[in-house]
Amino acid sequence: MTDPTTATADKPVAAAGRAEATARTRSLSGDAWHDLRRRPLFLVAAGLITFLLVIAAFPQLFTSVDPTLGDLSRAREDPSAQAWFGYDHLGRDVYARTVYGTRVSIVVGVLATTAVVGVGAVMGLIAGFAGGWVDSLLARVADVFFGVPFILGAIVVLSTFRASVGQSVIGISGLVIGTIGLLSWPIVMRIMRSAAIAARNQDYVKAARALGASPWRIIRRHMLPNTIAPVMVYATIALGAFIGAEATLSFLGVGLRDPVVSWGVMISEAQSYLRTSPHLLLFPGAFLVVTVLAFVLLGDAVRDAFDPKGRS
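Per an unreviewed UniProt entry, the recorded name for the protein is ABC transporter permease, and the organism is Pseudonocardia alni subsp. carboxydivorans. Looking at the protein in UniProt, the text filed under Subcellular location (unreviewed entry) is "Cell membrane". Turning to the protein, the UniProt record has this under Sequence similarities (unreviewed entry): "Belongs to the binding-protein-dependent transport system permease family."

And the structure:
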């Protein structure tokens, strides 16, 4: 007959064994997600980003004021109960413009990041997998774009093609997104190329080649899942940086402009009234800083979660 004491003592051991087995069979992404849920930094950053995404998707839930409607009699009035963030130089509600500007700033950042990751990842995978002259050619092309200073290159591109898009909101935004993507993809290409070269020499890729798998199948089924992690970590951090880049270009007068409502446009318009009406810069600037910081913190947490050496 089984000893009840022994049976009871075996239960924690069995539970620990099941937990250990689950940890061993968990995928890299599953292991990273399990680690992220226990990081306060990730939870805070994810909460802030979720709140900002809600504002961007449903700005009408936070204000009923038209962000483009101005009343010159209220120009540069200080914050009050009627207008929490005050009015700008054209008498437009700064709070409403800050809320609606969230959508444009985040959309520009997301689409620019998507373009950068899409182009860079494809180029990096092809270069790393093919090797030889293909790798050398794509690497030299990336070096050319990488050697162009971002601000200088953006000013040249935006100044050259600005007249061709007119005052269309979609045209202006698309030009800024395309410019950021054109000048930033080499970074992703280098990250993906390094990961692809490392994966190309692994046994599972060699085995797939020996079994006659096509290059497309090897890239899609074997290399891409094992190389995408560092790119996604970079993309998380870069999204916040691209939002800041849009604001920088708008501040310099070559990025977004009216009638587009974005934080960068608001900061650009506020520079002439900084001494007399600092609230014009304070509120959109604060939203911009918090957003960029949230994405940077999220990227740091994701990087640590995907780095096996950083986990205990």
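Caption draft 1: The packing of helix H5 (residues 132-146) against helix H7 (residues 169-200), seen in detail. Where H5 meets H7, the axes come as close as 8 Å, and the angle between the chain directions of the two elements is 145 degrees. At the point where H5 passes H7, the crossing takes the left-handed sense. Residues Asp135, Leu138, Ala139, Val141, Ala142, Asp143, Phe145 and Phe146 of H5 form the contact with H7, whose own contacting residues are Leu182, Trp185, Pro186, Ile187, Met189, Arg190, Arg193 and Ile197. Grouping the amino acids of the contact of H5 with H7 by side-chain chemistry returns twelve nonpolar, no polar and four charged.

Caption draft 2: Representation of the environment of Ala270 in the model. Mapped onto the elements of the fold, Ala270 is located in helix H10 (residues 263-270). The spatial distance from the C-alpha of Ala270 to the C-alpha of Leu280 is 5.4 Å, given a sequence separation of ten residues.

Caption draft 3: Fine view of the packing of aromatic side chains. Considering all chains together, one arrives at seven aromatic pairs under this definition. An angle of 0 degrees between the planes, with centres 4.0 Å apart, marks the rings of Phe85 and Phe283 as stacked. Placement of the pair is Phe85 in the loop between helix H3 (40-57) and helix H4 (94-130) and Phe283 in helix H11 (residues 279-306), with a sequence separation of 198 residues. Phe283 matches Phe85 in its accessibility class, with the two residues each being buried. Within the aromatic cluster, the residues linked to one another by ring pairs are Trp84, Phe85, Tyr95, Trp263, Phe283 and Phe287. Above the ring of Phe146, the side-chain terminus of Arg190 is found at 4.2 Å from the ring centroid.

Caption draft 4: Broad picture of the side chain of Arg92. Along the chain, Arg92 turns up in the loop between H3 and H4. Dropping the residues within four chain positions of it, Arg92 is found in contact with Pro67, Thr68, Leu69, Gly70, Gly86, Tyr87, Arg97, Asp258 and Glu269.

Caption draft 5: Seen up close, the packing of H4 against helix H9 (residues 215-251). Running from amino to carboxyl end, H4 crosses H9 at an angle of 145 degrees, the nearest separation of the two axes being 8 Å. Taken as a pair, H4 and H9 cross one another with a handedness that is right-handed. Its residues assigned to classes, the contact of H4 with H9 shows 19 nonpolar, four polar and one charged.

Conventions and cut-offs
- Residues numbered from 1 in each chain as written.
- Predicted model: local features only at pLDDT ≥ 70, side-chain atom pairs only at ≥ 80, totals over all residues.
- Heavy atoms only, no water.
- UniProt positions renumbered as here; feature names shortened; annotations may be inferred.
- Axes fitted to C-alpha atoms, helices over the stretch in contact; angles between N-to-C directions.
- Helix = DSSP H or I, 4+ residues; strand = E, 2+ residues; numbered from the N terminus.
- Left-handed = near helix turned anticlockwise from the far one by under 90°.
- Contact = heavy atoms within 4.5 Å.
- Nonpolar A, V, L, I, M, F, W, Y, C, P; charged D, E, K, R; others polar.
- Phe/Tyr/Trp six-rings, centres within 6.5 Å; stacked < 30°, edge-to-face > 60°.
- Buried < 20%, exposed > 50% of the residue type's maximum accessible area, 1.4 Å probe, protein only.
- Lys NZ or Arg CZ within 6 Å of the ring centre and 35° of its normal.

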